[in-house]
Amino acid sequence: MSVSIVVPTLGRSTLRALLDALGPLPPEVELLVVEDEGRHGPAATRNRGWRSASGDWVVFLDDDVVPAADWYRRLLHDLDVADDVGAVQGRIRVPRPQGRRPTDWERATIGLEDGAWLTADIAYRRKALDEVGGFDERFPRAFREDAELAYRVRRAGWRLVRGGRTVAHPVRPESRWVSLRTQRGNADDALLRRLYGPRWRGLLQIPPGRRGRHALITAAAAGALAAAALPGRWRWLSAVALLGWAAGTAEFAAARIVPGPRDPAEVATMAVTSVLIPPLAVGHWLAGAWRWRAA
């Protein structure tokens, strides 16, 4: 059994911590650090990596994780599996903040611990990657491309299992407005909906989201604006729609504020972004649906 380790990177400073944690590997282990120089996305960068690799197993590590001291020893144990196992996922541990509750962004990172088939640390059998063609490069972000690949591998008849090795995934410093930027992933969801139909979340083992509620909130806001232009006796409809928008937005904001640290900066950020996220999410979804209408 031969092993290749592929690390796609944008040249982030966290790469050094990963390489230091891996330490000196046995000479038979191939380590490929693949830079996304053209910003083509992690799917395309990983494809370049595994297609250049020579190992029977290709282990993908993100450049912002830190493998445990016994990671390689446990990896070898994880890969001692039946011939029908196409991938073995490692375990992700996210350090918690000390002395306070985690922020919205920190909770999003902590959620990776329960994610299925994440490329933060997953080993694929080379035969499985060859059979399905690797990652779908239509996914330009580090979002959903790993779950989509895992589904095609499972559909091809391979089993995917979890191993015992672990990596730490520190929370990456981000702007307070990061939740607005991440809404672009809704366009990728639209592609999955087009490819796999209305049951795509269940097929790909992706938890339910809030986009349905975001659509209702956005529709209420649009309805309030439209009803305000109606003749006087119908303008009460605007007030009803505005009340619906306010109630939906308040519920969304509370769901993000209550589990957090509740300091003034976090509360203010959650209040503002909770107003903006629903229309952004819907807008990106509609743009994706239009772009991928013929996929």
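Heads up: the structure comes first, above all this text.
Residues numbered from 1 in each chain as written. Predicted model: local features only at pLDDT ≥ 70, side-chain atom pairs only at ≥ 80, totals over all residues. Heavy atoms only, no water.

Asks: So what's going on with the sheet that holds strand β2 (residues 30-35)? Which residues, and what values?
Replies: Read across the sheet, seven strands follow the order β2-β1-β3-β6-β5-β7-β4 without closing on themselves; strand pairing throughout is mixed. A single partner strand is all that each edge strand has here, and the edge strands are β2 and β4 (66-67). Alignment of strand β1 (residues 3-9) against strand β3 (residues 57-61), held across four bridges, turns out to be parallel. Residue pairing in the sheet places S4 in a bridge with V58 of β3. Together, β1, β3, β4, β5 (85-93), β6 (121-125) and β7 (159-168) form the strand contacts of helix α3 (residues 71-78), whose direction differs from that of β7 by roughly 170°. Against the sheet, helix α6 (residues 145-155) makes contact with β6 and β7, and its axis sits at roughly 30° relative to β6, the strand it touches most. (Pairing = 2+ DSSP bridges. Helix = DSSP H or I, 4+ residues; strand = E, 2+ residues; numbered from the N terminus. Contact = heavy atoms within 4.5 Å. Axes fitted to C-alpha atoms, helices over the stretch in contact; angles between N-to-C directions.)

Asks: Please give an account of the environment of S238 that cites residues and values.
Replies: Its place among the elements puts S238 in helix α11 (residues 236-257). Judged by its relative accessible area of 14%, S238 falls in the buried class. The spacing of S238 and G223 is 15 residues in sequence and 6.7 Å in space, taken between C-alpha atoms. Beyond its immediate stretch of four places on either side in the chain, S238 contacts A224, A227 and A228. (Buried < 20%, exposed > 50% of the residue type's maximum accessible area, 1.4 Å probe, protein only.)

Asks: Explain a nonpolar patch on the surface residue by residue, including any values.
Replies: Residues W177, V272, V275, L276 and L280 make up a contiguous nonpolar surface patch of roughly 370 Å² in combined accessible area. Mapped onto the elements, L276 comes out in helix α12 (residues 264-291). (Patch = residues over 30% accessible without salt bridge, like charges linked within 9 Å, V, L, I, M, F, W, Y side chains within 5 Å. Areas by Shrake-Rupley, 256 points an atom, 1.4 Å probe, with all protein chains shown as cover. Salt bridge = Lys/Arg side-chain N within 4 Å of Asp/Glu carboxyl O.)

Asks: Which residues make up the nonpolar core, and what are the values?
Replies: Formed by 25 residues in total, the largest nonpolar core has its most connected members in I5, V59, L61, W71, L75 and L79. When residues of this core are traced back to their parent elements, those giving at least two are β1, α1 (14-22), β3, α3 and β5. Filtering out sequence-adjacent residues up to four positions away, L79 remains in contact with M1, V3, W57, V88 and A123. The next biggest cluster of nonpolar side chains, apart from the first, holds 22 residues, and it includes V6, W50, A150 and W158. (Core = buried A, V, L, I, M, F, W, Y, C linked by side-chain atoms within 4.5 Å.)

Asks: Would you mind going over unusual backbone geometry in detail, with residue names and values included?
Replies: Phi angles above zero are rare outside glycine, and R144 is one such case at about 75°. As for its placement among the helices and strands, R144 is situated in the loop between α5 (126-132) and α6. One non-glycine residue with positive phi stands out, namely Q205, at about 60°. Of note, Q205 is situated in the loop between α9 (200-204) and α10 (211-227). Q205 sits in the partly exposed class, given a relative accessible area of 40%.

Asks: Go over the packing of helix α8 (residues 185-196) against α12 with me, naming the residues and quoting the values.
Replies: Axis separation between α8 and α12 bottoms out at 7 Å; the angle between their running directions is 45°. On the basis of their axis angle, the class for α8 and α12 is oblique. Considering the relative orientation of α8 and α12, their crossing is right-handed. Of the residues in α12, those in contact with N186, A187, D189, A190 and R193 of α8 are A281, H284, W285, G288 and A289. Considered class by class, the residues forming the contact of α8 with α12 number five nonpolar, three polar and two charged. (Parallel < 35°, antiparallel > 145°, perpendicular 65-115°, else oblique. Left-handed = near helix turned anticlockwise from the far one by under 90°. Nonpolar A, V, L, I, M, F, W, Y, C, P; charged D, E, K, R; others polar.)

Asks: Would you mind going over the pattern of salt bridges in detail, with residue names and values included?
Replies: Taken as a whole, this structure holds 26 salt bridges when the rule is applied. In this structure, the salt-bridge partner of R165 is D121, at a minimum N-O distance of 3.1 Å. Highlighted residues: R165 in strand β7 and D121 in strand β6, separated in sequence by 44 residues. Given a relative accessible area of 0%, R165 falls into the buried group. In this structure, E174 and R181 form a salt bridge, with 2.9 Å as the shortest nitrogen-oxygen distance. A residue is classified by how much of its surface remains accessible, and R181, at 37% relative accessible area, is partly exposed. Look at the salt bridges and you will find they share partners, linking R12, D63, D64, R172, E174 and R181 into a network.

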